[in-house]
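Observations on the model geometry
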Amino acid sequence: MKKNNLFKFICLTPVIVYAILLILLPLVYILFLSFCESDSYGGIIYHFTLSNYFTIFDITYVKIFLKSSLIALSSTFLCILISYPFSIFLRDKSEKTRNLMIKLVMVPFLTNSLIRTYGWIVLLRKTGIINSALINLNIIDHPLNLMYNNLGIVIGMTYTLLPFMILPVSSAVFKIDQSLIEAARDLGAGPISIFRKIIVPETISGVFNGSLMVFIPAIGYFFIADILGGGKAMIIGNLIKNQFLTARNWPLGSAISIFLIIVTFGLVQIYKKLGGKLDDLGGM
Amino acid sequence: MEPIVKLENVSKCFDEGKYVIKNLDLEIFEGEFLTILGSSGCGKTTILRIISGLEHVTEGKVYIGDEDVTEVSAEKREVNTIFQNFALFPHMTVFENVAFGLRMRKEKEEVIKKEVKKALDLVELDGFEERYPDQLSGGQQQRVAIARGIVMHPKVLLLDESLCSLDLKLKRMMQIELKKLQKKLGLTFIYVTHDQDEALTMSDRIVIIEKGKVQQDDTPQNIYQYPKTAFVADFIGESNLIKAEITGIKGNTIHVKTKNKITLIFDKDEKDKVGNKISIMIRPENIKISKSALQDGLKGEVKEVIYDGVITKLVVGVGNAFKLKVTAKGNVLFNVSDEVYLKIDKGSVIPIREK
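Residues numbered from 1 in each chain as written. Chains lettered and ligands numbered in written order. Predicted model: local features only at pLDDT ≥ 70, side-chain atom pairs only at ≥ 80, totals over all residues. Heavy atoms only, no water.

**Looking at the overall build of chain A**
- The helix and strand tally for chain A stands at 13 helices and two strands.
- Based on the C-alpha atoms only, the size of chain A along its principal axes is roughly 75 × 70 × 35 Å.
- Burial analysis of chain A (284 residues in total) assigns 40% to the buried set.
- Intrachain contacts of chain A at a sequence separation of at least 6 include 64% that bridge at least 24 residues.
- As displayed, chain A has an accessible area near 16200 Å², and 71% of this comes from carbon and sulfur atoms.
- Charged side chains in chain A number 23 positive and 13 negative. The centres of these two groups are separated by 5 Å. (Helix = DSSP H or I, 4+ residues; strand = E, 2+ residues; numbered from the N terminus. Buried < 20%, exposed > 50% of the residue type's maximum accessible area, 1.4 Å probe, protein only. Contact = heavy atoms within 4.5 Å. Areas by Shrake-Rupley, 256 points an atom, 1.4 Å probe, with all protein chains shown as cover. Lys, Arg positive; Asp, Glu negative; His and termini not counted. Charge placed at Lys NZ, Arg CZ, Asp CG, Glu CD.)

Quick look at the structure:
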């Protein structure tokens, strides 16, 4: 018994050391920094203050939070909008087709997301593929502003985070008992009623799972905002990055980080309250 | 009388060239309780799904009332189905489940309330409106499914092995209730099952399907007493099936000889000719059995005894390797290797003249 525990301890040591050194200590350091003051040259004055937390609620930052949330919400909504037709289309297909399609959704994930985000520039910029195609087809006269604005960020976020929505939504849609849909048809429900009255209520927890897994990263993925937002549009992720790298105000950056962690934690709690399981969130 | 549902030369194949149903004709009349009976995989559920519109025919026509509904989709047909697993909507209360069809029909709220209450009263589920399906027992779920169907006042109610998942006692009770409900509402029921007891208990008419074809379409009594094919004889109840050859015709009676040189006689049919091969069915309960010698009786030896309370099931060997199932009533005790005498009356010999 005791030997067994020792063996476990030896096996777990690397993980524990890793977690302490690279996750817990930095977190504690960030928490500590968030209560410090900064000088005008980027230095840190080790003097307790709550001012960083008050600064967060400055109107400039609140605006960024709101805009960031709006971008994240739009991306989440777009992901839901894409996931439903995709899943419903695959519902009647064979197991083989389903697996293939789901794999195709997952494959891009094996490539670095930074590179994939750069790929979007080729598509979205003024002289990019989409704009030149639309102009050559005489659909538009002037190129559309598809990037270097909020739209670009929403497109990038939706693209990057879509699999996190497709996985839970499709698995929920596939799980609906075919006889429920047949019973609804039998009782006179057309496709729209079936979607509204059967599919949505039966899959709402999957959608909530997906929403959480899309929304949370969508407030933080700064590189997408940097690349496709052209550095003009700021989301919480950029804000934090800028505080650390550009403005060199580490304490404020830390405070915003802690704030973000608390918000995320709150969302997870709401999710748990509504009956969600934590396993589903990590169930990638 | 015009049929309320008519299938005309209906065929259905799922995979290329593999027919589940082939050239099926079926008529169902208003107010009757029709049972489609067959072993699993015989295509009986497919017939039901073709009537409900959940499955489309490969060939043929489907009529409901006078209307050709072959191309009409399920949601627009005036028939309702009670599914094998009930298919209650788990996220809706009993009330909402029953009201679903009426809401789809865009009925007024007060009409919905009235109709749902009426339907729930009929299945004795008043007071359960706010429960969810998973808070109900199997029998109650069954009733909700029935209420959800009858609330629509369909031209025909289709029941797909609806009692199969219930335990035996509940099943017996629901069989009687279902039959009562059908008579009370004057509704047409088409019931699909593989359970022959259920079919005999409830139906006005039974259609026996095997390999997508109708084997026999008749009243329960006729199906039991005069099966038209060996399959039916074997499928419904216990039977002795014997192959025989016609050896003589005397007036109105036919004489046949079995392999074991036993002679049986029965009434003549015009097609019967000397030399024809024929199957003979004898129900075990129609064979008289006695320990004392019977006039014109066959002598045999008891091989197996299964005591079943009211009756005793016996297997009696007659001659070499010729065994008959016999049911004995009463208190006479039979033991294995007893010597017994069997008598088969003319009326108990049922010829099966298959083409």
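After presenting the structure, the write-up continues.
**Let's talk about the domain arrangement of chain B**
Residue and element names in this part refer to chain B.
- We note that the domain assignment places domain 1 (5-234) and domain 2 (238-352) within chain B.
- Inter-centroid distance (C-alpha atoms) of domain 1 to domain 2 is 39 Å.
- On the side of domain 2, seven residues touch domain 1, which itself brings ten residues to the contact.
- Between domain 1 and domain 2, roughly 710 Å² of surface is buried when both sides are summed, and carbon and sulfur atoms account for 55% of that area.
- For domain 1, the biggest contributors to the area lost against domain 2 are Y224, P227 and A233; these three give 58% of the whole.
- One can count zero salt bridges joining domain 1 with domain 2.
- For the pair domain 1 and domain 2, the number of links is three residue pairs in polar contact (both at pLDDT 80 or more).
- Elements supplying a minimum of two residues to the side of domain 1 that touches domain 2: helix 7 (220-225) and helix 8 (230-235).
- When grouped by side-chain class, the residues that make up the side of domain 1 that touches domain 2 number six nonpolar, two polar and two charged. (Domains from an automatic or database assignment. Buried area = accessible area lost by both parts, 1.4 Å probe. Salt bridge = Lys/Arg side-chain N within 4 Å of Asp/Glu carboxyl O. Polar contact = N/O pair within 3.5 Å; in protein donor to acceptor, adjacent residues only side chain to side chain. Nonpolar A, V, L, I, M, F, W, Y, C, P; charged D, E, K, R; others polar.)

**Structural notes on helix 4 (residues 95-106) of chain A**
Residues and elements named next belong to chain A.
- Helix length check: helix 4 (twelve residues) gives 16 Å between terminal C-alpha atoms against 16 Å at 1.5 Å per residue, within 8%.
- All of the buried residues along helix 4 are R98, I102 and V105. Each buried residue of helix 4 lies within a common arc of 50° when the element is viewed along its axis, so the set occupies one face. Exposed residues lying more than 90 degrees from the buried face of helix 4 are K96, L100, K103 and L104.
- On its buried side, helix 4 packs onto helix 3 (59-91) and helix 7 (150-175). (Expected span 1.5 Å × (residues − 1). Arc of directions from axis to C-beta.)

**With respect to the interface of chain B and chain A**
- Taken together, the contact between chain B and chain A spans 24 residues of the former and 18 residues of the latter.
- On the chain B side of the contact with chain A, E75, H91 and M104 of chain B bury the most area, a combined 32% of that side's loss.
- The interface formed by chain B and chain A contains two salt bridges.
- E182 of chain A serves as the salt-bridge partner of R49 of chain B, at 2.7 Å between the closest nitrogen and oxygen.
- In this assembly, chain B and chain A are joined by eight residue pairs in polar contact (both at pLDDT 80 or more).
- For the side of chain B that touches chain A, the leading source of residues is helix 2 (residues 94-104) of chain B, giving four residues.
- Residue classes in the side of chain B that touches chain A are distributed as twelve nonpolar, eight polar and four charged.

**So, the pairing of strand 3 (residues 33-37) of chain B**
Residues and elements named next belong to chain B.
- Along strand 3, five of the five residues are buried, which leaves the element largely enclosed by surrounding structure.
- Burial of the side chains of strand 3 extends over both faces: F33, T35 and L37 are buried on one face and L34 and I36 on the other.
- As judged from the five bridges shared by strand 3 and strand 8 (residues 188-193), these two strands associate in the parallel manner. Bridging across to strand 8, F33 finds its partner in F189. (Pairing = 2+ DSSP bridges.)

**Focus: the nonpolar core**
- By size, the foremost hydrophobic cluster in this structure holds 105 residues, and its most contacted members are I198 of chain A together with F89, V98 and F100 of chain B.
- Ranked by the residues each element gives to this core, the list is headed by helix 7 of chain A, at eleven residues.
- What V98 of chain B contacts, discounting residues up to four positions off in sequence, is V116, A119, L120, V144, A147, R148 and V151 of chain B.
- Ranked by size, the runner-up nonpolar core spans 27 residues in total, among them I262, L298, V318 and F322 of chain B. (Core = buried A, V, L, I, M, F, W, Y, C linked by side-chain atoms within 4.5 Å.)

**Let's talk about the layout of surface pockets**
All names here are of chain B.
- Volume-wise, the largest pocket comes out at about 860 Å³.
- Among the secondary structure elements, those contributing two or more residues to the lining of the largest pocket are strand 10 (213-218), strand 11 (240-250), strand 12 (253-258), strand 13 (263-267), strand 14 (277-282) and strand 20 (350-352).
- When grouped by side-chain class, the residues that make up the lining of the largest pocket number nine nonpolar, seven polar and 15 charged.
- Both of domain 1 (5-234) and domain 2 (238-352) provide at least three residues apiece to the lining of the largest pocket. (1 Å grid on protein atoms, 1.4 Å probe; cavity = no way out; pocket = protein on both sides within 12 Å on 5 of 7 lines; lining within 4 Å. Points joined across faces, edges and corners; volume = space filled by probe spheres on them.)

**Notes on the sheet that holds strand 2 (residues 19-28) of chain B**
Residue and element names in this part refer to chain B.
- Read from one edge of the open sheet, four strands run 2-1-4-5, paired in antiparallel fashion. Each having just a single partner strand, strand 2 and strand 5 (67-68) make up the two edges of the open sheet.
- Sheet analysis places strand 1 (residues 5-13) next to strand 4 (residues 59-64), joined by five bridges and oriented antiparallel. Along strand 4, the bridge assignment pairs V5 with I64.

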